[in-house]
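# Topology and contacts: notes
Listed here are the chains, written in short residue letters.
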Amino acid sequence: MNNKIIIGTRGSKLSLAYANLVKDLIISKMLPDTPNIILKKITTSGDLSKEKKISEIGGKNIFCKELENELIKNKIDIAIHSLKDLDSFETPGLLIGAYIKRNDPRDTIVLKKKSNFRTHSMVIGSSSRRRDLQIKILNKKIIVKPIRGNVDSRIKKVESGEYDGAILALAGLKFLNIKNSKYEILSENELIPAVGQGTIAVQCNQNNSKIKKILKKINHNDTEICSIAEKSFLREIGGDCHTAVGGLAKIKKDKISLKVQLFSDDGNEVYNFADEGEKKEPKILGKLVGRKILELSKGKYIKKR
């Protein structure tokens, strides 16, 4: 490593903010023997195709695979991801060495002007099928239109009148300190967030013992436990980029709770389930909750893998 660490990151303002947070955490844990930390911007497939739906250009891992390839080739030491963008099945040879303390996982709706989106007819931008179907439960009069781009560009599309509003992750707005937008926070009961939403995952090679030791110092244990439960659930239901699914785990003393929501393949039915288990066994809880939600779907949702 030669006292140098190369962090791979996407080039968006939010991704760079995530990477700089990880950089600062590493420095704080390694003082006074601070390594030379370099940020390397990497363009992903998702960054190149900003107008198409994610499901049309490769699905779940489109914001991660180029970063992972750089890791596998040892061109970078660390890759920074939003956990919700990572595939639930880990890439061979790679692992998540640190889960950064979770930011607020809830969704928000950013509006052009203050209005009651729960009753008015309006055009709302959304980047996921989960959000499309969830917002229609709140108000059937809403017209959902695909929206892509970074946080700033999506907000500009709302302000220009292209959309009446857009659904965005609250974590991104908080991280970029965006306060002047007209937005309303949606409770987790209204929109159960995507699995891993609000969590930064720091990925490395399995055989890089020096980096793994460093990342262990910045890992947030409760966030790791919740992430394992949520990802275990996602693996159990075998979803793909078209699957409309949400899941949120929380720690309660020595217990972990997991609340999930799954839509049928045709989007006409929705299934909800919640359970809790031992904090030390998050993977088991995720599997059990996944099996239960599959039972509730009665074949109207089919595992894709």
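Right above here is the structure, for reference.
As the structure is a prediction and not an experimental result, all values here were calculated from the model. (Residues numbered from 1 in each chain as written. Predicted model: local features only at pLDDT ≥ 70, side-chain atom pairs only at ≥ 80, totals over all residues. Heavy atoms only, no water.)

### Considering the overall build of the chain
As a reminder of what qualifies: The way it works is that DSSP assigns letters per residue, a run of H or I at least four long becomes a helix, a run of E at least two long becomes a strand, and they are numbered from the N terminus. Using C-alpha atoms as the atom set, the radius of gyration is obtained and then compared with a globule rule of 2.2 Å times the number of residues to the power 0.38. For every residue, the accessible area obtained with a 1.4 Å probe (protein chains only) is divided by the maximum for its type, and the residue is called buried under 20%, exposed over 50%, and partly exposed between those limits. Two residues qualify as a contact provided that any one of their heavy atoms is within 4.5 Å of a heavy atom in the partner residue.
Along the backbone of the chain there are 9 helices and 13 strands. For a compact globule of 305 residues, the expected C-alpha radius of gyration is about 19 Å, and the chain comes in at 19 Å, within 12% of that figure. If one aligns the C-alpha atoms of the chain with their principal axes, the spans along those axes are about 60 × 45 × 35 Å. Out of the 305 residues belonging to the chain, those deemed buried represent 50%. In the chain, 70% of the contacts between residues at least 6 apart in sequence involve partners at least 24 apart.

### Concerning the pattern of salt bridges
Going by this rule: Should a side-chain nitrogen of Lys or Arg be within 4 Å of a carboxyl oxygen of Asp or Glu, the pair is scored as a salt bridge.
In total, this model carries 19 salt bridges according to the counting rule given. With a closest N to O distance of 3.3 Å, Glu 188 and Lys 259 form a salt bridge. With Glu 188 in the loop between strand S9 (182–186) and strand S10 (200–205) and Lys 259 in strand S12 (residues 255–263), this pair connects stretches of sequence that are 71 residues apart. Residue Glu 188 is classed as buried on the basis of its relative accessible area, which comes to 19%.

### What about the sheet that holds strand S8 (residues 165–169)?
Defined as follows: Note on pairing: DSSP must find at least two bridges between two strands before they are called paired. Fitted lines through C-alpha atoms serve as axes, helices being fitted only where they are in contact, and the angles separating the N-to-C directions of these axes extend from 0 to 180 degrees.
If you trace the 5 strands from one edge of the open sheet to the other, you get S7-S6-S8-S5-S9, paired in mixed fashion. With one partner strand each, in any of the chains shown, strand S7 (143–146) and S9 form the two edges of the open sheet. Ignoring strand direction, the axes of neighbouring strands in this sheet form an average angle of 30°. Contacting strand S5 (107–111), strand S6 (123–126), S7 and S8, helix H4 (residues 129–138) runs over the sheet at an angle of about 120° to S8. This element, helix H5 (residues 151–159), spans S5 and S8 of the sheet and lies at about 160° to S8.

### Here we look at the sheet that holds strand S3 (residues 78–82)
Reading across from one edge, S2-S1-S3-S10-S4 is the order of the 5 strands in this open sheet, with mixed pairing throughout. Two strands close off the open sheet at either side, each with one partner strand: strand S2 (36–41) and strand S4 (94–99). Adjacent strand axes in the sheet meet at a mean angle of 30° when their direction is disregarded. Looking at chain direction, strand S1 (residues 4–9) and S3 are connected through 2 bridges and run parallel. Bridge assignment links Gly 8 to a residue of S3, and that residue is Ala 79.

### Focus on the side chain of Ser 88
By secondary structure assignment, the location of Ser 88 is in the loop between S3 and S4. The residues touching Ser 88, leaving out its near neighbours within four places in the chain, are Lys 231, Leu 234, Arg 235 and Arg 305.

The quantities given are spatial measurements derived from coordinates; they are silent on function.
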